[in-house]
Amino acid sequence: MAAPDAPAAARPRPRPAAPRGRPPRKSSTSAAMLLIAPSIVFMTLLFGWPMVSGVLQAFGGPEGLTTANFSRMAQDPYFWSSVGNTLLLIVVMIPIQFVLALAMALLIRAKPRGSSVYFYIWAIPLAVSDLAAGLVWLTVFTDRGYLNSVLASVGMEPVSWLAYDNYASMFMAVLIAEVWRATSLVFVIVVAGLQSIPKDYEEAASVFGAGFWDRLFHVTLPLLRPSLQTALILRTILAFQTFAVALALTGQNFPLVVGETYRWYTGLQDANVASALALVVMAVSMVTAIGYLKLLRDQSEAPR
Amino acid sequence: MADISIKGLHKTYPGSTELATNNVSLEVAEGEFMVLLGPSGCGKTTLLRMVAGLDFPDEGSISIGGRDVTYLPPQDRNLSMVFQSYAVFPHRKVRTNIGFGLVMKKVPRDELEKKVAWAADLLQLTPYLDRYPAQLSGGQRQRVAVARAIVMDADVLLMDEPLSNLDALLRLDFRAELKKIVQQLGSTTLYVTHDQVEAMSLSDRVAVMKKGQIAQLGHPITVYEEPADRFVGGFIGSPPMNFLEGRVTQQGALEVAGQSTDAPEFLARSAARSGGLPVMVGIRAENIYIEQRGAPGTLDATVDVVEPLGHATLLTVDLGGQVIKVQVASTVRVSPAEKVGLRFDQAAIRFFDTETQLGLTA
Ligand SMILES: Nc1ncnc2c1ncn2[C@@H]1O[C@H](COP(=O)(O)OP(=O)(O)OP(=O)(O)O)[C@@H](O)[C@H]1O
Ligand SMILES: [Mg+2]
């Protein structure tokens, strides 16, 4: 620690009856401030300022502050369908991703032959950008794509998977692409979490008569809760921001909220409404994260 | 209730070339209390894990109550276990930790509560029932592990050093309690310990292990008094058995430290045949008596160190260049550098082969 601490620590002063014997505060405030000052400056420049200007922009108009941007946003016909699509995607996708990631992580832990190879294969999508992932799946689902070729080769009619009037298949295509792309994040977090749980607990459970599902629900999942919580928060917030995959696959046919931000900004050239939308996404993300933290908080509050 | 029959267990851990258990065979009768004793790393936990089904042997078989369970998963064996690492679930309160096995067995709620209360009372855990393991001391956590195991009424109870982390007084208490409980439950018990007093006091039989093998199996007193080989004699007892290099002459005299006494019949006979026989003489510290230097039948020796232990006094004595331990009553007054005579209790002397280290008997 900083040098100014040393003399203070070396000669303990008699403290005036401190409330409930807290350890004495050793570090002087100025030294601490000095140490965190660079990061505060950077945070202000890189996060604080853009955020403030974004908020100002969202509420900004020709005649000073206004909420007109928000009403324009809400009146746009695409807005509510994009909200609906985003929510539907999240509600369907996240459980699928968690079940898949958990299953894959448990398989890896069972250490089958070549398990480390599986790990890398399953983690690869982590490195694929979302636009690239969307384009990859476009080659599968597009009218003359791989899927239709396969169908044709077994003598079936090709289907316009991504057509505007084929909502279900369009949704499925986006879902599959997103699951493929983003499950690996959950997977990596869950693998790390599983590795930190000693095998003893599951062994003890099995000795006391717990089968696979009992062990999973009574031991593994509860012990995995911190990892699951992290993964859930990250995944949900990122899912709100899903955008490029849907854009690559469907253009504007399957609007998502962040896609709308992009459309307002580039297509409609209205930075104010785009900022308003971004602000809504941010607010929802924050509320969700806090909600998860509260909901999934370890009631025991007992450190391990 | 069930007996355990272990036959020819071989186990090598992956990535290791040494056998963790090497051809271990063991029959534990129904309701018997069998203690496994041995130095660290000799394969006690490994053996227990295979009986539990947490590891599978490379070779050999295990059956419980006549049923071959060698490759059966643990949950199908109806046993319970105290882990050396406790393995108390950190996310469950003491209460639900103790009741875990009963919940898995779908025991009715009121019976479950009664049993948990009983076990908690027995192990003095009642004040901590609503705490999480992280809020307990190491010894309390260990007691939770023991409580969780004894509520199960399992056919087979496996305990891996269940009292290792308790203070001496508690351990003394629980030792007696445990003996009572296990007798009540009638479970067949395999119990690992490093504590020899525990082994002696609890066990019906002791299996002393060495490098993955069972060196001796028998009643605790037999193992103590008649160790099958030098290793067992040197491992069991505190202080361990003294070993002296000696020689039986063709004339039937036993020479130790340049002095000679009579050798037992059977050794004298084989020495007469072979023309002298080197032997290892083993004798426990409490079977050696201090007398006047030069008294008939004693060996001349010099006291090196005097350690009063309270209930007795431990002497380190130099006997013609070989150092041995002698335990005498605390009333005996001796001082360092004193020249004394040692009398060996002839009936308590054991002989070992100098090469095979095995015990020599008539
Ligand atoms: N998971 C493992 N992988 C590889 N080797 C192991 C493993 N577990 C134990 N061993 C080795 O097997 C041998 C027996 O170990 P074991 O745990 O059975 O000893 P132990 O008798 O229980 O010792 P202690 O009294 O210290 O608990 C040791 O040499 C140990 O290093
Ligand atoms: Mg062990």
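Since the model is a prediction, treat every value here as computed from it, not as a measurement. (Residues numbered from 1 in each chain as written. Chains lettered and ligands numbered in written order. Predicted model: local features only at pLDDT ≥ 70, side-chain atom pairs only at ≥ 80, totals over all residues. Heavy atoms only, no water.)

Visitor: What is the right way to read the overall build of chain A from this model?
Guide: Counting its regular elements, chain A contains 13 helices and two strands. Here chain A holds 304 residues, and the buried ones make up 38% of them. If you take every contact in chain A between residues at least 6 apart in sequence, the share linking residues at least 24 apart comes to 69%. With the model as given, the accessible surface of chain A reaches about 17900 Å², and the carbon-plus-sulfur share is 69%. (Helix = DSSP H or I, 4+ residues; strand = E, 2+ residues; numbered from the N terminus. Buried < 20%, exposed > 50% of the residue type's maximum accessible area, 1.4 Å probe, protein only. Contact = heavy atoms within 4.5 Å. Areas by Shrake-Rupley, 256 points an atom, 1.4 Å probe, with all protein chains shown as cover.)

Visitor: Would you explain the site of ligand 1 in this entry?
Guide: Residues and elements named next belong to chain B. Lining the immediate environment of ligand 1, one finds Tyr-13, Ala-20, Ser-40, Gly-41, Cys-42, Gly-43, Lys-44, Thr-45, Thr-46, Gln-84, Glu-161 and His-194. Measuring from an oxygen atom of ligand 1, one finds a backbone N or O atom of Gly-41 at 2.8 Å. Between ligand 1 and His-194, the relevant distance is 2.9 Å, taken from an oxygen atom to a side-chain nitrogen or oxygen of the residue. Starting from 630 Å² of accessible surface for ligand 1 in isolation, the protein chains cover 61%. Counted by class, the shell around ligand 1 contains three nonpolar, seven polar and two charged residues. (Near = heavy atom within 4 Å. Polar contact = N/O pair within 3.5 Å; in protein donor to acceptor, adjacent residues only side chain to side chain. Nonpolar A, V, L, I, M, F, W, Y, C, P; charged D, E, K, R; others polar.)

Visitor: Explain the sheet that holds strand S10 (residues 213-218) of chain B here, please?
Guide: Note: strands within a sheet are paired through backbone hydrogen bonds, in either parallel or antiparallel orientation. Residues and elements named next belong to chain B. Spatial strand order, S6-S7-S8-S3-S9-S10: six strands in an open sheet with mixed pairing. Where the open sheet ends on each side, the last strands, each with one partner, are strand S6 (79-82) and S10. The average angle at which neighbouring strand axes cross in this sheet is 15 degrees, direction not considered. As defined by bridge partners, S6 adjoins strand S7 (residues 156-160) across four bridges and the pair is classed as parallel. Across the sheet, residue Leu-79 finds its bridge partner in S7, namely Val-156. Contacts from helix H6 (residues 168-185) reach strand S3 (33-37), S7 and strand S8 (188-193), with the element oriented near 160 degrees to S7. (Pairing = 2+ DSSP bridges. Axes fitted to C-alpha atoms, helices over the stretch in contact; angles between N-to-C directions.)

Visitor: I tried to follow the packing of aromatic side chains on my own but got confused; where do I start?
Guide: Ring pairs (aromatic) are described by centroid distance and by the angle formed between their planes. The final tally for this structure, using the stated rule, is 19 aromatic pairs over all chains. Seen in terms of ring centroids, Phe119(A) and Tyr120(A) are 5.5 Å apart; in terms of plane orientation they differ by 80 degrees. Their pairing is edge-to-face. Where Phe243(A) meets Tyr262(A), the ring centres are 5.1 Å apart and the plane angle is 50 degrees; that geometry is what we call tilted. Of this pair, Phe243(A) sits in the loop between helix H10 (212-240) and helix H11 (244-250) while Tyr262(A) sits in helix H12 (residues 257-267), and the two are 19 residues apart along the sequence. Three or more aromatic residues joined by ring pairs make a cluster, and in this case those are Tyr118(A), Phe119(A), Tyr120(A), Trp122(A) and Phe187(A). Positioned above the aromatic ring of Phe243(B), the side-chain terminus of Arg230(B) is 4.6 Å from the ring centre. If you follow Arg284(B) out to its NZ or CZ, it ends over the ring of Tyr224(B), 4.0 Å from the centre. (Phe/Tyr/Trp six-rings, centres within 6.5 Å; stacked < 30°, edge-to-face > 60°. Lys NZ or Arg CZ within 6 Å of the ring centre and 35° of its normal.)

Visitor: In this structure, what is going on with the interface of chain A and chain B? I would like to understand it.
Guide: Where the parts come together, the accessible area they lose is often given as the size of the interface. Across the contact, 21 residues belong to chain A and 24 residues belong to chain B. Interface area, chain A with chain B, both sides summed: about 2000 Å², of which 70% is carbon and sulfur. Per-residue buried area on chain A facing chain B is highest for Val207(A), Phe208(A) and His218(A); these three make up 36% of the total on that side. The partner of Arg49(B) in a salt bridge is Glu203(A), and the shortest N-O contact between them spans 2.8 Å. Inspection of the chain A/chain B interface yields five residue pairs in polar contact (both at pLDDT 80 or more). Elements that contribute at least two residues to the side of chain A that touches chain B include exactly helix H9 (200-207) and H10 of chain A. With seven residues, H9(A) is the largest single contributor of residues to the side of chain A that touches chain B. (Buried area = accessible area lost by both parts, 1.4 Å probe. Salt bridge = Lys/Arg side-chain N within 4 Å of Asp/Glu carboxyl O.)

Visitor: What exactly am I supposed to notice about the coordination of the magnesium ion (ligand 2) here?
Guide: Each pair of donors in an ideal four-coordinate tetrahedral metal site encloses 109.5 degrees, whereas pairs in an ideal six-coordinate octahedral site enclose 90 or 180 degrees. All names here are of chain B. On the protein side, the magnesium ion (ligand 2) has Thr-45 (OG1) and Gln-84 (OE1) as donor atoms, found 1.8 to 2.2 Å from it. One end of the pair, Thr-45, is in helix H1 (residues 44-52); the other, Gln-84, is in the loop between S6 and helix H2 (94-98), with 39 residues separating them in the sequence. What makes Gln-84 partly exposed here is its relative accessible area of 39%. (Donors = N, O, S within 2.8 Å, 3.2 Å for Na, K, Ca; no water.)

Visitor: Whenever I open this one, a nonpolar patch on the surface confuses me. Can you help?
Guide: Taken together, the side chains of Val41(A), Phe42(A), Met43(A), Leu45(A), Leu46(A) and Phe47(A) present a nonpolar region at the surface, about 680 Å² in accessible area. Mapped onto the secondary structure, Val41(A) falls in helix H2 (residues 29-58). (Patch = residues over 30% accessible without salt bridge, like charges linked within 9 Å, V, L, I, M, F, W, Y side chains within 5 Å.)

Visitor: Got a minute to help me understand the nonpolar core in this structure?
Guide: Looking at soluble globular proteins, one finds that nonpolar side chains tend to be buried together. Core analysis: the largest hydrophobic core is formed by 147 residues, its most contacted members being Leu249(A), Leu26(B), Leu36(B), Ile98(B), Leu158(B) and Leu190(B). Among the elements that take part in this core, helix H8 (residues 167-195) of chain A stands out by supplying 13 residues, more than any other. When near neighbours in sequence (up to four residues on either side) are disregarded, Leu190(B) contacts Ile4(B), Leu26(B), Val28(B), Met34(B), Leu36(B), Leu48(B), Val51(B), Leu157(B), Leu158(B) and Met159(B). If you look at the next biggest cluster of nonpolar residues, it comprises 27 residues, including Val256(B), Leu299(B), Val326(B) and Val328(B). (Core = buried A, V, L, I, M, F, W, Y, C linked by side-chain atoms within 4.5 Å.)

Visitor: Sorry, what's going on with helix H4 (residues 77-109) of chain A here?
Guide: Residues and elements named next belong to chain A. Taking 1.5 Å as the rise per residue, H4 with 33 residues should run 48 Å; its terminal C-alpha atoms sit 48 Å apart, in good agreement. The axis of H4 is deflected most strongly, by about 25 degrees, at Met-93, and proline Pro-95 appears within four residues downstream. With its phi angle positive at about 50 degrees, Lys-111 sits one or two positions after the end of H4. (Expected span 1.5 Å × (residues − 1). Bend = angle between axes of the 7 residues up to and from the residue.)

Visitor: It is not clear to me how the confidence of the model for chain A should be interpreted in this structure. Could you clarify?
Guide: As a general rule, the predicted coordinates of low-pLDDT regions are not to be interpreted in detail. Residues and elements named next belong to chain A. Summing up the model confidence of chain A, the mean pLDDT is 83 and the portion of residues at 70 or higher is 88%. At the low end of the mean pLDDT range in chain A sits helix H1 (residues 5-10), at 44; at the high end sits H9, at 94. Confidence over residues 1-12 falls short of pLDDT 50; this stretch has seven contacts with residues more than four positions distant or in other chains. (pLDDT = per-residue confidence, 0-100.)

Visitor: I keep staring at the domain arrangement of chain B and nothing clicks. Help me out?
Guide: Residues and elements named next belong to chain B. The domain architecture assigned to chain B consists of domain 1 (4-228) and domain 2 (242-360). Between the C-alpha centres of domain 1 and domain 2 the distance comes to 39 Å. Taken together, the contact between domain 1 and domain 2 spans five residues of the former and six residues of the latter. The junction of domain 1 with domain 2 conceals about 460 Å² of combined surface from both sides, 41% of it contributed by carbon and sulfur atoms. Looking only at domain 1, the three residues that lose the most surface to domain 2 are Tyr-224, Pro-227 and Ala-228, adding up to 77% of its buried area. One can count zero salt bridges joining domain 1 with domain 2. (Domains from an automatic or database assignment.)

Visitor: Any chance you could explain the pairing of S7(B) here in plain terms?
Guide: A regular strand places its side chains so that they alternate between the two faces of the sheet. All names here are of chain B. With five of five residues buried, S7 lies mostly within the body of the structure. Burial along S7 is two-sided: the residues Val-156, Leu-158 and Asp-160 and Leu-157 and Met-159 are all buried. Taken together, the five bridges between S7 and S8 define a ladder with parallel strand orientation. The residue bridging Leu-157 from the neighbouring strand is Thr-189, located in S8.

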